[in-house]
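As a plain string of letters, each chain reads:
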Amino acid sequence: MSLSFKTVAPGAGTMPRMQNPKPATHPATATRPCGELPGPAPRWWGLPLRAAMRRDYLGYGERLHRTHGDSVRSHILGERLLDVFHPDLLREAMVDNADALIRWERGPEVFAELVGQSVLVTEGTLWERQRRMLMPAFAPKRVAGYAALMAEAAIAGLDTALPPSQSQADVEMDDLFSRLTMDAIHRTLFGAPLPDDSGTAIQALRIASETGFREMFWPTTLPDWLPLPGKAAKRRALRRLRALIAEAIAHHARQPPAPAATDLLTMLQTARDETTGTALSAQEVFDQCMLSFQAGHETSATAFLWWSGLLATHPHATERATAEVDRVLNGRTPGPEALARLPWLVATLKEAMRLYPPIAALLTRRTTRTIAVGGYSIPSGTLLRATPWVLHRSARWFAQPDAFRPERFLPDAPPPPRGAYLPFGLGPRVCLGQHFALLEMTIVAALLLQRYRLTTLPDSRPPHPLLHVTLRPATPVRLRLTRR
């Protein structure tokens, strides 16, 4: 493990091996009440627990697991919660009983302000219709058609990372990856490069994301017109983002129709529900564009930040990845075949997302009827929570869980148990864009390694993971890029 880029969360050692590596099989009908499950004492209406979550949600989840086991019940301000830390139990709760679950209400309430009534926040038949209509646009064969646009954005960003007169420079990696991934999703969505004033859009997305995360812990969202801290910045951020998307859609409409357009906007506008034959409304198209722009940029940029830092501090893994890229591509631009032809590079990306999952927590669902999980009866109205950060760093599922070991994700390595590795969520709401994200990351990573060597700065310190909507470093990640 490198001293300059730690792969252990602050205050969190290796998770202890639990005594029950696999829960017993239980009949479909539960026989024990939820109240018999272990959990923290419900003192002061759970306010101390709520405060602990706000201070350090990831550390709070680790302590729950370490102290109380695989299924932990708690009560906070009248809410009944069940945290699940075992992959088998998690699949039983959120996959086998998916028809009895809805999203935790605060998430949709908060994010509807940014992404409207998109597939991220809708429920029931509306969600089913939207997801059904969107799935063809994110099928692997369709995603392969976006590879050239992803590569164009990557080349444009990486070739300007260093001034032409310099052979090396110390680079703010967040700025580099944010602009690059935002350009990639803009090209994929609208078939055109990102406008030059992308810096304001990047800052607006950060403000919207950070504000949204804070507001999820409030009982309700107060009106944005109130003169409260952060409200003015939030209003400006939302206006900027909505204007950017509206202008991109309008610009797209002014262009002559292409004979075989493959951009996502065209696909959204021409999609038809196979059941009813109806199209998405103009507002639905706008909302899905907002969602794709936000999610397609932020999660990938965050994953790249952690990946680049890990490679900079693990030179042997980097040398192997660079040699693979040079041998397979021989200077060519990677295409959709890169996922299959660059197994070690892909393994480094997957291992980075294991150690630092972009969506590290807050996978929360509410039960709409009583269900059985692990032989216990879970009442209707219970909030079920999954924390990928804890699962990904458990010694039961990953040997040396705090070490950067890409070989665990090579094609011939035994896969982790289903439900132990959740970089894109699980169940019916698993991320639609997971194949898109992995292809984009592979193309960008290969192009970066073709051009530069990554090293840490002499005075660098380990970044502290900070949970917003995505898991971001609390301090900027600066690396030295040297031309090859």
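Since the model is a prediction, treat every value here as computed from it, not as a measurement.

(A) Up close: the sheet that holds strand β3 (residues 79-84). The sheet built from five strands is open, its strands ordered β2-β3-β9-β6-β4 with mixed pairing. Edge positions in the open sheet fall to β2 (71-76) and β4 (101-103), since each of these has one partner strand only. Neighbour-to-neighbour, the strand axes of the sheet open up by a mean angle of 30 degrees, direction not taken into account. Sheet topology places β2 next to β3; six bridges connect them, and they run antiparallel. By the bridge assignment, S71 is partnered in β3 with V84. Together, β2, β3, β4, β6 (363-367) and β9 (383-386) form the strand contacts of helix α3 (residues 87-94), whose direction differs from that of β9 by roughly 140 degrees.

(B) How the structure looks around the pairing of β3. Counting the residues in the hairpin turn of β2 and β3 gives two residues, including L77, whose phi is positive at 50 degrees. Sheet analysis places β3 next to β9, joined by four bridges and oriented parallel. Residue pairing across strands places V84 opposite A386, the latter belonging to β9.

(C) Inspection of the nonpolar core at higher detail. Among the nonpolar cores identified, the biggest contains 149 residues, and M173 and F293 are the most heavily contacted of them. Tallying contributions element by element places helix α12 (residues 282-312) first for this core, with 15 residues. Those residues in contact with F293 that sit more than four places away from it in its chain are M182, I185, H186, L189, L194, L205, L241, L244 and I245.

(D) Representation of the sheet that holds strand β5 (residues 168-172) in the model. What the three strands build is an open sheet, ordered β5-β13-β10; its pairing is antiparallel. Both edges of this open sheet fall to β5 and β10 (452-456), since each of them pairs with a single strand only. Each strand of the sheet is rotated relative to its neighbour by a mean of 35 degrees, with strand direction disregarded. The sheet contact formed by β5 and strand β13 (residues 478-483) spans five bridges and is antiparallel. Its bridge partner being in β13, A169 is matched across the sheet by L481. Taken strand by strand, α12 contacts β10 and β13, and its axis lies near 80 degrees from that of β10. On the sheet, helix α17 (residues 434-451) packs against β10 and β13 and is oriented at approximately 90 degrees with respect to β10.

(E) Quick look at α12. Across its 31 residues, α12 extends 45 Å between first and last C-alpha, which sits within 8% of the 45 Å expected from 1.5 Å per residue. Counted residue by residue, α12 has 27 buried out of 31 residues, so it is predominantly covered.

(F) Looking closely at the side chain of R129. Structurally, R129 is set in helix α5 (residues 124-134). By relative accessible area, R129 is classed as buried at 16%. Here R129 is in contact with D273, T278, A279, L280 and E284, once residues within four sequence places are set aside.

(G) Just the packing of helix α7 (residues 147-158) against α17, in detail. Contact geometry for α7 and α17: axes closest at 9 Å, N-to-C directions at 40 degrees. Between α7 and α17, the angle falls in the class oblique. Considering the relative orientation of α7 and α17, their crossing is right-handed. For the pair formed by α7 and α17, the contact residues are A147, M150, A151, A154, I155 and L158 on the first element and F436, L439, E440, I443, V444, L447, L448 and R451 on the second.

(H) Broad picture of the pattern of salt bridges. Evaluated as defined, the whole model comprises 25 salt bridges. Among the salt bridges present, the one from R484 reaches D326, with a minimum N-O distance of 2.6 Å. Pair noted here: R484 is in the segment after β13 and D326 is in helix α13 (residues 315-329), with a separation of 158 residues, a long-range link. The class of D326 is partly exposed, set by a relative accessible area of 30%.

(I) Inspection of the packing of aromatic side chains at higher detail. Summed over the entire model, instances satisfying the criterion amount to seven aromatic pairs. Between W306 and Y356 the ring centres are 4.0 Å apart and the planes differ by 5 degrees, which places this aromatic pair in the stacked class. Within this pair, whereas W306 is found in helix α12, its partner Y356 is found in the loop between α15 (343-355) and β6, the two being separated by 50 residues in sequence. Where F409 meets Y421, the ring centres are 4.7 Å apart and the plane angle is 45 degrees; that geometry is what we call tilted.

Thresholds applied
Residues numbered from 1 in each chain as written. Predicted model: local features only at pLDDT ≥ 70, side-chain atom pairs only at ≥ 80, totals over all residues. Heavy atoms only, no water. Pairing = 2+ DSSP bridges. Helix = DSSP H or I, 4+ residues; strand = E, 2+ residues; numbered from the N terminus. Axes fitted to C-alpha atoms, helices over the stretch in contact; angles between N-to-C directions. Contact = heavy atoms within 4.5 Å. Core = buried A, V, L, I, M, F, W, Y, C linked by side-chain atoms within 4.5 Å. Buried < 20%, exposed > 50% of the residue type's maximum accessible area, 1.4 Å probe, protein only. Expected span 1.5 Å × (residues − 1). Parallel < 35°, antiparallel > 145°, perpendicular 65-115°, else oblique. Left-handed = near helix turned anticlockwise from the far one by under 90°. Salt bridge = Lys/Arg side-chain N within 4 Å of Asp/Glu carboxyl O. Phe/Tyr/Trp six-rings, centres within 6.5 Å; stacked < 30°, edge-to-face > 60°.

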